[in-house]
Amino acid sequence: MEKKRTTIVLFSGDYDKAMAAYIIANGAAAYDHEVTIFHTFWGINVLRKQEPVVVKKGILEKLFAKMMPRGAEQLGLSNMHMAGMGPKMIKHVVTKHNALTLTQLIDMAQEQEVKIVTCTMTMDLLGLQQEELVDGIEYAGVAAYLADAEDGNVNLFI
Amino acid sequence: MEKKRTTIVLFSGDYDKAMAAYIIANGAAAYDHEVTIFHTFWGINVLRKQEPVVVKKGILEKLFAKMMPRGAEQLGLSNMHMAGMGPKMIKHVVTKHNALTLTQLIDMAQEQEVKIVTCTMTMDLLGLQQEELVDGIEYAGVAAYLADAEDGNVNLFI
Amino acid sequence: MEKKRTTIVLFSGDYDKAMAAYIIANGAAAYDHEVTIFHTFWGINVLRKQEPVVVKKGILEKLFAKMMPRGAEQLGLSNMHMAGMGPKMIKHVVTKHNALTLTQLIDMAQEQEVKIVTCTMTMDLLGLQQEELVDGIEYAGVAAYLADAEDGNVNLFI
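How each quantity is defined
- Every chain begins its residue count from 1, and numbering advances along the sequence as written.
- Whichever chain is written first becomes A and whichever ligand is written first becomes 1, with later ones labelled in order.
- Local features in this predicted model are restricted to residues whose pLDDT is 70 or higher, and side-chain atom pairs enter the listing and the counts only when it is 80 or higher, whereas totals over whole chains, interfaces and linings include all residues.
- Only hydrogens and water are set aside; all other atoms, that is, all heavy atoms of the structure, feed into the side-chain values.
- Throughout, a residue-residue contact means that at least one pair of heavy atoms, one from each residue, lies within 4.5 Å.
- Accessible-area loss on putting two parts together, using a 1.4 Å probe and summing over both, is the definition of buried area adopted here.
- Any Lys or Arg side-chain nitrogen found within 4 Å of a carboxyl oxygen on Asp or Glu counts as a salt bridge.
- Under this definition, polar contacts are N or O atom pairs within 3.5 Å; protein pairs additionally need one hydrogen-donor-capable and one acceptor-capable atom, and for neighbouring residues in sequence, both atoms have to be side-chain atoms.
- What counts as a helix is a DSSP run of H or I of at least four residues, what counts as a strand is a run of E of at least two, and both are numbered from the N terminus.
- Here the nonpolar group is Ala, Val, Leu, Ile, Met, Phe, Trp, Tyr, Cys and Pro; Asp, Glu, Lys and Arg are the charged ones; every other residue, Gly included, is treated as polar.
- Two strands form a pair only when DSSP identifies at least two bridges running between them.
- Axes here mean lines fitted to C-alpha atoms, for a helix over just the part in contact, with angles spanning 0 to 180 degrees between N-to-C directions.
- Alignment of copies: least-squares fit on C-alpha atoms of residues with pLDDT of at least 70 in both copies.
- Pairing of aromatic rings covers Phe, Tyr and the six-membered ring of Trp, with a centre-to-centre limit of 6.5 Å; geometry is then stacked below 30 degrees between planes, edge-to-face above 60, and tilted otherwise.
- Only protein chains enter the accessibility calculation, which uses a 1.4 Å probe; a residue whose area is less than 20% of its type maximum is buried, one above 50% is exposed, and one in between is partly exposed.

Draft legend 1. Here's a closer look at the interface of chain A and chain B. Each partner contributes to the interface: chain A provides 33 residues, whereas chain B provides 32 residues. With both chains or domains summed, chain A and chain B bury close to 2,700 Å², and 74% of this area falls on carbon and sulfur atoms. Remark: the boundary between chain A and chain B carries 2 salt bridges. A salt bridge links Asp151(B) to Lys4(A), with the shortest nitrogen-to-oxygen separation between them at 3.3 Å. Applying the counting rule to chain A against chain B returns 7 residue pairs in polar contact (both at pLDDT 80 or more). Of all the secondary structure elements, the ones that give two or more residues to the side of chain A that touches chain B are α1 (15–30), α3 (86–96) and β5 (154–157) of chain A. Along the lines of polarity and charge, the residues of the side of chain A that touches chain B split into 19 nonpolar, 10 polar and 4 charged.

Draft legend 2. Geometry of the sheet that holds strand β3 (residues 115–119) of chain C. Residue and element names in this part refer to chain C. A sheet is described by the order of its strands in space; here 5 strands give the open sequence β4-β3-β2-β1-β5, paired in parallel fashion. Only two strands of the sheet have a single partner each, and these edge strands are β4 (138–140) and β5 (154–157). On average, each strand axis in the sheet is tilted by 20° relative to the strand beside it, whichever way the strands run. Looking at chain direction, β3 and β4 are connected through 3 bridges and run parallel. Its bridge partner being in β4, Val117 is matched across the sheet by Glu138.

Draft legend 3. Broad picture of the relation of the copies chain A and chain B. Its rotation angle being 120°, the transformation that places chain A on chain B also includes 0.0 Å of axial translation and leaves an RMSD of 0.0 Å. Expressed as a symmetry operation, the mapping of one chain copy onto the other fits a three-fold axis.

Draft legend 4. Representation of the interface of chain C and chain A. Between chain C and chain A, the contact holds 33 residues from the first and 32 residues from the second. Of the roughly 2,700 Å² buried between chain C and chain A, counting both surfaces, carbon and sulfur atoms make up 74%. Our count for the contact surface shared by chain C and chain A stands at 2 salt bridges. Here chain C and chain A share 7 residue pairs in polar contact (both at pLDDT 80 or more) between them. Class assignment for the residues of the side of chain C that touches chain A results in 19 nonpolar, 10 polar and 4 charged.

Draft legend 5. Focus on the packing of aromatic side chains. A complete count under the given rule lists 9 aromatic pairs over all chains for this structure. Taking 5.6 Å as the distance between ring centres and 25° as the angle between the ring planes, the aromatic pair formed by Phe38(B) and Tyr145(B) counts as stacked. Remark: Tyr145(B) occurs in helix α6 (residues 142–149) and Phe38(B) occurs in strand β2 (residues 34–39); sequence separation between them is 107 residues. Note on accessibility: Phe38(B) and Tyr145(B) belong to one class, buried. By the ring-pair criterion, three or more aromatic residues cluster together here, those being Phe11(A), Phe41(A) and Phe157(A).

Draft legend 6. Expanded view of the pattern of salt bridges. Applying the stated rule across the entire model yields 24 salt bridges over all chains. With its nearest N and O atoms 3.0 Å apart, the salt bridge here joins Glu132(B) to Lys57(B). Of this pair, Glu132(B) sits in the loop between α5 (120–126) and β4 (138–140) while Lys57(B) is found in the loop between β2 and α2 (59–67), placing the two residues 75 residues apart along the sequence. By the burial criterion, Glu132(B) is buried, and Lys57(B) matches it. Among the ionic contacts, a cluster of salt bridges with common partners joins Arg5(A), Glu34(A), Lys115(A) and Asp148(A).

Structure, rendered in structure tokens:
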């Protein structure tokens, strides 16, 4: 019997939305789905290395690199009204309840062989290079995403 | 013949997004789909009772309860640029055109037997208790959502 | 063999989210999918004509018309944290990398016969009239969207 399939486009670079994406992805993988998370636009920031990486860049690309959050633990919240609450408060609650942080959720996804893909077009646009992103991820375009999604049972845009 | 199925993850706690979720859910139910709305993260605020409910809570949970909107009619708008417009203006337009308010849309969904589910993990994290939420809803985790979604014809994340 | 089908609800009126919607739509059309983009709520602003159109309106409808962006090139960004970056910076990068602007992506979608639909209920609510929107689009309600989506392989809410 063919495996069920879940694909998620992670467009958002918000901590809470990325958590939701990785919770659903890990759940689906535990259910024995083949799972793909396609990181595009701001969703790529989730995969940036926390430490600065020295690469050659133009002025505009340097500016982007500086303005955008470096990695999972630097992201903000999606919710305007809740922003007063802050990502720190959310992380505090997550830890208090022995739930997983975003970084731990990403590690678990990699252990469960969730396919973590970064959109090459976004990397071009924002001037990001592979050295700046975490290890163990794939690079592809929208065509590869669609090839996975058209056979998907659960397809979400987050 | 098997019934078609629609599932919606309602992550957002914004008035306009919750309206869109319930309009699609009611439409799908009218089309004889089996429909599930899985309320998670800020989407849970849509289901809070409007009047304050006295329950025992820790300090942090009390703070959350105070910061988050209590029920459908207290939610804000998703749109930064439109926030000047305000939920009041939207509700005014809805009433003027004899369209349904969010509260009415939720009532209609319950009459049409849309399965309204609240994410138990989020309730734990935010310290919400069942007494604080409206009646006639179900409580489940991401596994139950995925069980519905993997057979879904239309699956959306809102 | 029946054609595969992709449907997108474009709820958002943000430049970057509309870009993502039209990039996926164009990709799916190139893959020979039948594609529908259903513009609802703020997503309708993507389809407004850039020049002001004189139509008879009530005071509230005039106010909406004034507050909401007129067409693809006037939209803002989805990302609170990136809003300092501004749509201008994004468009600059898009042009620099010979990528397509939103207006060009919409033109390409029309050439590829993507079905671009505007939600009639939203038009009623916001007091928008057909003369105010770009040519070559269709007008329909949520029932028509669901009829397309229930046979869809890829269904997204953006």
